[in-house]
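# Coordinate analysis (summary)
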Amino acid sequence: MAVFDADKDISPGIVVSVPFFGGILALLMIGVLMKKVRAAPRGEGPQLFIADQIAEGAVAFLKTEYTYLLPFVVICAAFIVGILEGQSGSPVDYSDNKGGWQTTVCFLSGASLSALAGWMGMKIATETNVKTMQAAKESLNSALKIAFAGGAVMGFYVVALGILGLVVLFYAFSMGQDNAPEDGSTFDPDMRDAIRYLSGFGFGASSIALFARVAGGIYTKAADVGADLVGKVESDIPEDDPRNPATVADNVGDNVGDVAGMGADLFESFVGSIIACASLASSHAEIALPFWVAGFGILAATIGFWTVSTKDDADQSELLHALHRGVYSSSILVIVFTIISVEILFNGSKLGYKFFACVLIGLIAGILVGEATEYCTSYAYTPVRSITHAGSAGGAATVIIQGLGIGMISVFPPTIVIVLTILSTFVIGGLYGIAISAVGMLSTLGVTLATDAYGPVADNAGGIAEMSPDVEDYVRERTDKLDALGNTTAATGKGFAIGSAVLTALSMMNAFVKNVPFGCGEGVESKFCLAENMLLTDPYVLSGIILGAMLPFLFAALTMLSVRKAAGAIIVEVQRQFRTIPGLLEGKEGVVCDHMACVESCTKSSINEMLLPGIIAVFTPISIGLLVGAKCLGGLLAGFIAPRF
């Protein structure tokens with residue numbers, strides 16, 4: 001028996017029902033996890049002072065970063081409302097609304113919620129690190145559970161704030177407009193308008209993600225490079241040695257880059273995939289499906305989280321299996337819930353099961369990308385071991401050569417997976433099929449991001465153990481196991497983020513081509529003919545592709561130069577302290593370094609250095625679109641997707 005007699009029966013309330021309850025479930029899960037983390041003991045002694053310094057440094061960085069971003073967000077909001085409301089008429093043919101203030105509200109909401117997700121994730125991560133180290137005194141399994149719980153808070157904050165932000169705005173704008181007929185027989189114009197406004201939500205999230213990722217990444221690598229070059233290489237002292245003034249900055253970097261930055265990045269991909277998919281929808285059921293898949297994905301991730309545990313003498317392979325269990329069990333549950341969604345929304349039709357196949361392909365692709373990345377980054381497998389062998393055979397130069405080679409080869413498997421995903425989902429479900437596969441890949445984000453955010457927590461725990469003089473060696477051995485695992489899961493998370501971002505970006509580009517007005521020529525009534533004019537032989541399109549392909553390399557070059565400058569500031573500060581503080585390098589009792597000086601130096605450098613790459617990334621598409629036109633901008637977006645691996 002059909003649940004809905006006709007597509008028009010799927011109202012905005014039906015669309016938001018499952019994701020709304022999914023978001024509430026995620027908030028409840030956050031409460032449970034935070035209660036668990038806060039009940040864990042912090043221990044006593046020097047470890048508390050070190051942990052407090054790390055937390056203070058991370059908070060100071062994010063406050064400074066958000067202070068810089070506030071004027072940018074305000075200017076962008078003014079630009080959006082000015083451009084859209086300044087049009088002579090509506091940019092779409094199914095509505096009279098220009099959408100300026102609605103899109104601006106969505107933009108501000110997306111930016112605010114993205115920043116909030118990063119902030120809350122960072123706060124809980126800096127609270128969990130010392131508790132993970134304390135739990136490692138008891139057992140490896142206890143430490144894993146505390147660290148994973150801390151990482152899961154980040155994951156569930158991202159999906160909770162993302163999905164609730166989307167459904168509240170979607171419902172408000174769908175029910176608050178006046179385009180529908182008076183008898184309420186269809187919500188189509190209102191729902192399509194609401195999705196159009198939500199593009200601002202994605203832009204706001206993307207803006208914060210860009211700067212958070214750039215500034216956090218510069219900070220992370222600059223502090224890491226500075227601490228290692230002066231400490232391990234120049235002064236021959238161990239990593240995370242308390243004599244090194246840059247060790248706290250190094251641990252702060254793990255939180256602001258790999259927790260707050262990665263959280264904002266995946267927040268943008270998560271909401272962007274839903275918005276892009278809904279933008280390509282041609283029916284109410286197709287609008288609802290990405291929301292339902294994401295909502296059920298939260299339920300699946302919640303169940304999958306509780307399957308993660310390990311034994312006390314586990315090796316890295318067994319630890320990886322423990323985390324995989326959470327991801328795999330969640331993915332299986334998403335498959336079941338997607339079948340339920342298809343049966344309800346599409347009445348079990350052939351079209352609905354085509355979209356189910358696309359979701360399934362997206363899930364499998366996400367797992368394969370993660371596995372391929374893990375194979376190329378884990379010491380349990382041949383590629384990383386070959387780098388060690390190269391070092392024993394020829395020294396530092398051969399390590400660099402082998403490492404670069406392995407890094408470049410590692411691009412091959414995920415690229416093939418993504419290409420096959422794009423082609424297969426297009427054949428099955430068209431452009432909408434590609435978009436819904438991205439939603440499927442990101443549906444288990446709550447637990448997938450937990451495996452990534454867990455890494456910095458474990459890394460911090462190891463750093464605190466090394467800097468605390470009263471901590472026994474076996475504790476450091478346990479945290480080192482978790483840290484080694486965290487390095488692999490962090491790389492896996494980055495591969496997952498890039499793979500999902502490619503599918504999301506492709507979906508957004510298709511939505512752009514479909515919805516941006518472009519003249520069709522004489523005798524054609526439609527004003528949406530950009531797709532027909534996006535020819536590779538067109539000089540405007542080809543010029544855009546070339547510019548887009550160049551941009552990632554320019555962006556990477558600028559950020560690398562920024563890391564060098566910020567690391568240079570750290571190096572100078574550490575050398576100054578070693579030179580001017582008597583007995584510091586020798587480790588005399590009672591002599592301490594000024595950790596916060598390095599934190600402040602790295603914060604200032606990384607925030608200043610984020611501006612140029614960020615401005616180029618944000619304003620290049622706007623400039624090309626306004627000065628050259630839609631065809632060149634479409635080419636720019638296509639060219640930008642290709643080199644992202």
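Keep in mind it's a predicted model, so treat the numbers as computed, not measured. (Residues numbered from 1 in each chain as written. Predicted model: local features only at pLDDT ≥ 70, side-chain atom pairs only at ≥ 80, totals over all residues. Heavy atoms only, no water.)

Turning our attention to the overall build of the protein chain. Tallying secondary structure elements over the protein chain gives 18 helices and zero strands in all. Its C-alpha atoms give the protein chain a radius of gyration of 25 Å, within 12% of the compact-globule value 26 Å for 645 residues. For the protein chain, the spread of C-alpha atoms along the three principal axes comes to 85 × 55 × 45 Å. Counting the 645 residues in the protein chain, one finds 56% classified as buried. For the protein chain, the accessible surface area stands at approximately 25,500 Å², while carbon and sulfur atoms represent 65% of it. (Helix = DSSP H or I, 4+ residues; strand = E, 2+ residues; numbered from the N terminus. Rg over C-alpha atoms; globule rule 2.2 N^0.38 Å. Buried < 20%, exposed > 50% of the residue type's maximum accessible area, 1.4 Å probe, protein only. Areas by Shrake-Rupley, 256 points an atom, 1.4 Å probe, with all protein chains shown as cover.)

The subject of this paragraph is the confidence of the model for the protein chain. Averaged over every residue, the pLDDT of the protein chain is 82; the share at 70 or more is 90%. Within the protein chain, no element has a lower average pLDDT than helix α15 (residues 530–533), which sits at 70, and none a higher one than helix α7 (residues 284–305), at 90. Between residues 178–187, whose pLDDT stays under 50, and residues either more than four places distant or in other chains, the model counts 16 contacts. (pLDDT = per-residue confidence, 0-100. Contact = heavy atoms within 4.5 Å.)

This paragraph deals with the nonpolar core. Buried together is how nonpolar side chains tend to be arranged in soluble globular proteins. Core analysis: the biggest nonpolar cluster contains 163 residues, and F201 and F291 have the highest contact counts within it. The leading source of residues in this core is helix α4 (residues 140–175), at 23 residues. Ignoring sequence-local partners within four residues, the contact set of F291 consists of V15, P19, L166, V167, I195, I274 and A278. In terms of nonpolar packing, the next biggest core, distinct from the first, is built from 13 residues, V417, I434, L503 and A505 among them. (Core = buried A, V, L, I, M, F, W, Y, C linked by side-chain atoms within 4.5 Å.)

All chains considered together, the criterion is met by seven salt bridges. In this structure, D265 and R213 form a salt bridge, with 3.2 Å as the shortest nitrogen-oxygen distance. Of this pair, D265 sits in helix α6 (residues 247–279) while R213 sits in helix α5 (residues 188–234), and the two are 52 residues apart along the sequence. With a relative accessible area of 22%, R213 lands in the partly exposed category. Of the charged contacts in the structure, one is a salt bridge between R576 and E573, with a shortest N-O distance of 2.7 Å. On the criterion of helical spacing, the pair formed by R576 and E573 is a turn pair, its members being three residues apart in helix α16 (residues 539–580). One connected set of salt bridges, linked through shared partners, spans R38, E127 and K131. (Salt bridge = Lys/Arg side-chain N within 4 Å of Asp/Glu carboxyl O.)

The next thing to look at is the environment of G43. Topologically, G43 is positioned in the loop between α1 (12–39) and α2 (46–85). For G43, a relative accessible area of 32% puts it in the partly exposed group. Through-space distance from the C-alpha of G43 to that of A300 is 34 Å; in sequence the pair is 257 residues apart. Not counting residues up to four positions away in its chain, the partners in contact with G43 are L48 and Q134.

Let us now look at the packing of helix α3 (residues 100–136) against helix α13 (residues 445–467). Two measures define how a pair of helices packs: the angle their axes make with one another and the distance between the axes. Relative to each other, α3 and α13 sit at 55°, their axes nearing to 8 Å. In terms of orientation, α3 and α13 fall into the oblique class. Classified by chirality, the crossing of α13 by α3 is right-handed. In this structure, α3 contributes A125, T128, N129, V130, T132 and M133 to the contact, and α13 contributes V457, N460, A461, I464 and A465. (Axes fitted to C-alpha atoms, helices over the stretch in contact; angles between N-to-C directions. Parallel < 35°, antiparallel > 145°, perpendicular 65-115°, else oblique. Left-handed = near helix turned anticlockwise from the far one by under 90°.)

The next point concerns the packing of α6 against α13. In the contact formed by α6 and α13, the axes pass within 9 Å of each other and the chain directions differ by 175°. For the element pair α6 / α13, the angle class is roughly antiparallel. The segment α6 lies against α13, with T247, N251, D254, N255, D258, V259, M262, G263, L266 and F270 engaging L445, L449, D452, A453, P456, D459, N460, G463 and M467. Class assignment for the residues of the contact of α6 with α13 results in nine nonpolar, six polar and four charged. (Nonpolar A, V, L, I, M, F, W, Y, C, P; charged D, E, K, R; others polar.)

On to the environment of A115. Counting through the fold element by element, A115 comes out in helix α3. By relative accessible area, A115 is classed as buried at 13%. Residues A115 and Y66 lie 49 residues apart in sequence; the distance between their C-alpha atoms is 7.9 Å. If near-sequence neighbours (up to four positions away) are discounted, A115 is found in contact with Y66 and I208.

Okay, the packing of aromatic side chains next. Per the counting criterion, the structure on display carries 17 aromatic pairs. Between F305 and W306, the ring centres sit 4.8 Å apart and the planes meet at 85°, which makes this aromatic pair edge-to-face. For F305, a relative accessible area of 4% gives the class buried. (Phe/Tyr/Trp six-rings, centres within 6.5 Å; stacked < 30°, edge-to-face > 60°.)

Residues F79, I83, Y540, L626, L627 and V628 make up a contiguous nonpolar surface patch of roughly 620 Å² in combined accessible area. Listing elements by their share of the nonpolar patch, those giving two or more residues are α2 and α17 (595–627). Within the fold, L627 resides in helix α17. (Patch = residues over 30% accessible without salt bridge, like charges linked within 9 Å, V, L, I, M, F, W, Y side chains within 5 Å.)

Below, the discussion takes up helix α18 (residues 630–641). Residues three or four positions apart in an α-helix share a direction because the helix packs 3.6 residues into each turn. With twelve residues, α18 extends 17 Å from end C-alpha to end C-alpha; this agrees with the ideal 16 Å at 1.5 Å per step. With nine of its twelve residues buried, α18 lies for the most part within the structure. Of the residues making up α18, those classed as buried are A630, K631, C632, L633, G634, G635, L636, G639 and I641. (Expected span 1.5 Å × (residues − 1).)

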